[in-house]
Amino acid sequence: MRAIWKGAVSFGLVSIGVKVYSATEEKDIRFHQVHREDGGRIRYKRTCSVCGEEVTYDDIAKGYDIGGGEMVILTDSDFADLPLSTSHAIDVLEFVPAEQVDPILYNKAYFLEPEGSATKPYVLLRDALSDSERVAIVKVALRQREQLATLRVREGVLLLNTMLWPDEIRRPDFGFLDEDLKVRPPELAMASSLIDSMAGEFEPDAFTDDYRAALQEVIDAKVEGREVVQPEEEEAAPAAAVDLMAALKASVERARAARGEAPSGGGAEPTPISSARSAKKAAKKAPAKKAEPAKKTTAKKTPAKKTAAKKAEPAKKTTAKKAPAKKKTA
C-alpha cells in the first residue's frame, strides 16, 4: 500500500506520527469508451465555452456560480490562505461510546500506521481505546477539506473513519410517515418469528458479487475466444401477497425449510401455498376415484343390453309375419 497522507495524532500532550492508507478499494470492473468499429479510445478536449480554445490544466481555475450568469473565480492562492490549522494533524476532541455514532455518518475508512519512533504511543492509544470501548472523535484535513472523523481499533490497527457533517444528512420526507397505520399484535409476532427463523452470525466472506463474477466471465470468454456460459436462472420472487399474515407464515416455514429445521408445531402448519396445493390434489383425485367404479359397472352391464336387443329382434319379425294373417281374416 502507498501512504496518501502524513501527519500526527494529537492525544492530549502526546503527538503520534502516523501515515494514512486507504483501507478500502473498489472492485468494480472499469471500462474505457471506445469507437465501436475500430476500438479506438474516445478522447475529450477541455475547451472554453467563451473563446472555444483548448485549455490546459495549468489554466484551469475553480468557479462558483452565484446566479444570474455571474461567476466568482477562485485560484490556488485563495485556497492556500484558508485557516486549516489541522492540515497536518488529527486532533482528538473527545471520546464517546461507539453506539452513539450513527452509521449513516460514516464516509471513508483509512488505516493509520505509526511512523518512526511513534510506535509506543501509538500502541498506548490503541490499547486505551480497546479497554474503554469508546471511539475518539477527531478533526482532520484531507484533500484540502476539514472533516469530522472517528478513531477506533480494528485488527490491532487504528482505523480512521471520516464522517459527513450533520447538515449533509438528508431528512426523510415521505407521505406514509404522516399516516395513522397500525400493526396488529399477531402480525408483529409473526414478523418477529420470521426474523428469528432467519437470524444468524454475519460473515462477510459468505457473500459474493455475483454480477461482477458473471461480467468477468463474459470478459474472460471473449479473451479466450469461447462461448459464454449462461448462469443458472434464480428463482423468481413471489408475487405481492394480499394476506400479510399468510405471507408471513409461509415465509417462516420457507426459512425453516431452507435451514433444514422441522416445521413448527411438529407437523407442517397450513400455509397459503401448501393449502392451495392440497386443494388442487384433492380436486384431481376426488373425481378419478368416483369415475373408475362407474366405468366398470357400465362395462359389465353393456353385454346385458346387447342380449336384450338380440332377443327383441325375433319378436319384431314374428309380429311382421302375423300381420298378413289378420288381413285375411278380415
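Everything discussed here concerns the structure shown above.
Residues numbered from 1 in each chain as written. Predicted model: local features only at pLDDT ≥ 70, side-chain atom pairs only at ≥ 80, totals over all residues. Heavy atoms only, no water.

Student: It is not clear to me how the overall build of the chain should be interpreted in this structure. Could you clarify?
Tutor: The number of helices and strands found in the chain is six helices and nine strands. Split into buried and exposed, the 330 residues of the chain put 17% on the buried side. Considering only intrachain contacts with a sequence separation of at least 6, the fraction spanning at least 24 residues in the chain is 59%. Carbon and sulfur atoms provide 55% of the accessible area of the chain, an area that totals close to 26,900 Å². (Helix = DSSP H or I, 4+ residues; strand = E, 2+ residues; numbered from the N terminus. Buried < 20%, exposed > 50% of the residue type's maximum accessible area, 1.4 Å probe, protein only. Contact = heavy atoms within 4.5 Å. Areas by Shrake-Rupley, 256 points an atom, 1.4 Å probe, with all protein chains shown as cover.)

Student: Could you clarify how one ought to interpret the side chain of S197 in this entry?
Tutor: Topologically, S197 is positioned in helix α3 (residues 185–197). Given a relative accessible area of 7%, S197 falls into the buried group. Setting aside its immediate chain neighbours within four residues, S197 contacts V252, A255, R256 and R259.

Student: I'm lost on the nonpolar core in this one. Help?
Tutor: It is characteristic of soluble globular proteins that their nonpolar side chains tend to be buried jointly. By size, the foremost hydrophobic cluster in this structure holds 21 residues, and its most contacted members are V9, I90, L112, V138, L151 and L160. Counting residues per element, this core draws most heavily on strand β7 (residues 134–142), which supplies four residues. I90 has contacts with W5, A8, V9, S10, V18, L112, V138, K139, V140 and L160, leaving out every residue within four places of it along the chain. Judged by nonpolar contacts, the second largest core, of seven residues, contains V96, V101, L105 and L148. (Core = buried A, V, L, I, M, F, W, Y, C linked by side-chain atoms within 4.5 Å.)

Student: So what exactly am I meant to see when it comes to the pairing of strand β5 (residues 89–97) here?
Tutor: Regular strands have side chains that alternate between both faces of the sheet. Two elements, strand β1 (residues 5–11) and β5, share three bridges in a ladder whose sense is parallel. Bridge pairing in β5 places A8 opposite A89. (Pairing = 2+ DSSP bridges.)

Student: In this structure, what is going on with α3? I would like to understand it.
Tutor: Because an α-helix completes one turn every 3.6 residues, residues spaced three or four positions apart along the sequence face the same direction. Between its first and last C-alpha atoms α3 spans 18 Å; for 13 residues at 1.5 Å apiece the expected length is 18 Å, and the two agree. Those residues of α3 that fall on the buried side of the exposure criterion are E187, M190, L194 and S197. Down the axis of α3, the smallest arc covering the buried residues is 85°, so these residues share one side. Opposite its buried face, α3 presents the exposed residues P185, L188, I195 and D196, each directed more than 90 degrees away. (Expected span 1.5 Å × (residues − 1). Arc of directions from axis to C-beta.)

Student: Just checking my understanding: could you explain the packing of aromatic side chains for this structure?
Tutor: Here a ring pair, both rings aromatic, is described through the centre-centre distance and the interplanar angle of the planes. By the definition in use, this model includes three aromatic pairs. Look at F11 and F95: their rings are 6.0 Å apart centre to centre, the planes differ by 80°, and that puts the pair in the edge-to-face class. A residue pair is termed long-range when its members are at least 10 positions apart, and F11 in strand β1 and F95 in strand β5 qualify at 84 residues. The class of F11 is partly exposed, set by a relative accessible area of 24%. F95 gets classed as partly exposed once you look at its relative accessible area, which sits at 34%. For the pair F174 and F176, a centre-to-centre distance of 6.3 Å together with 20° between the ring planes defines the contact as stacked. Lying across the ring of Y57, R46 places its NZ or CZ 4.0 Å from the centre. (Phe/Tyr/Trp six-rings, centres within 6.5 Å; stacked < 30°, edge-to-face > 60°. Lys NZ or Arg CZ within 6 Å of the ring centre and 35° of its normal.)

Student: Mind showing me how you'd approach the sheet that holds β5 here?
Tutor: Strand pairing within a sheet occurs via backbone hydrogen bonds; the two strands may be parallel or antiparallel. Strand order around the closed barrel formed by seven strands is β1-β2-β6-β9-β8-β7-β5, with mixed pairing between neighbours. If you compare each strand with its neighbour and ignore which way they point, the axes differ by 40° on average. In terms of strand pairing, β5 meets β7 through six bridges, oriented antiparallel. The residue bridging V96 from the neighbouring strand is V135, located in β7. (Axes fitted to C-alpha atoms, helices over the stretch in contact; angles between N-to-C directions.)

Student: What's the story with the pattern of salt bridges in this structure? I'm lost.
Tutor: Close approach of charged atoms allows side chains with opposite charge to pair. Applying the stated criterion to the full structure yields eight salt bridges. Between E25 and K27 there is a salt bridge; the shortest N-O distance is 3.5 Å. Here E25 falls in the exposed class, since its relative accessible area comes to 60%. Linking R212 and D209 is a salt bridge whose minimum nitrogen-to-oxygen distance equals 3.5 Å. (Salt bridge = Lys/Arg side-chain N within 4 Å of Asp/Glu carboxyl O.)

Student: Looking at this model, I keep getting lost on the environment of L148. Mind explaining?
Tutor: Relative to the assigned elements, L148 resides in strand β8 (residues 145–154). With 42 residues separating them in the primary sequence, L148 and Y106 have C-alpha atoms 9.6 Å apart.

Student: Just to check I follow, could you spell out the pairing of β8 for this structure?
Tutor: Pairing analysis gives seven bridges linking β7 to β8, with the strands arranged antiparallel. For V140, the partnering residue across the bridge sits in β8 and is Q147. Inspection of the sheet shows β8 paired to strand β9 (residues 157–163) by seven bridges, in the antiparallel sense. Looking at β9, one finds that A149 is bridged to T162. Remark: two residues form the turn of the hairpin made by β8 and β9, two consecutive strands paired antiparallel; E155 in that turn has positive phi of roughly 55°.

Student: How should I be thinking about helix α2 (residues 119–132) in this particular structure?
Tutor: The end-to-end C-alpha distance of α2 is 20 Å, a good match for the 20 Å that 14 residues give at a rise of 1.5 Å each. The complete set of buried residues in α2 reads Y122, L125 and L129. Around the axis of α2, the buried residues are gathered within 65° of arc, so they sit on the same side. Along α2, the residues that are exposed and aim more than 90 degrees away from the buried face are K120, L124 and D131. Downstream of α2 by one or two residues, E133 has phi in the positive range, about 55°.

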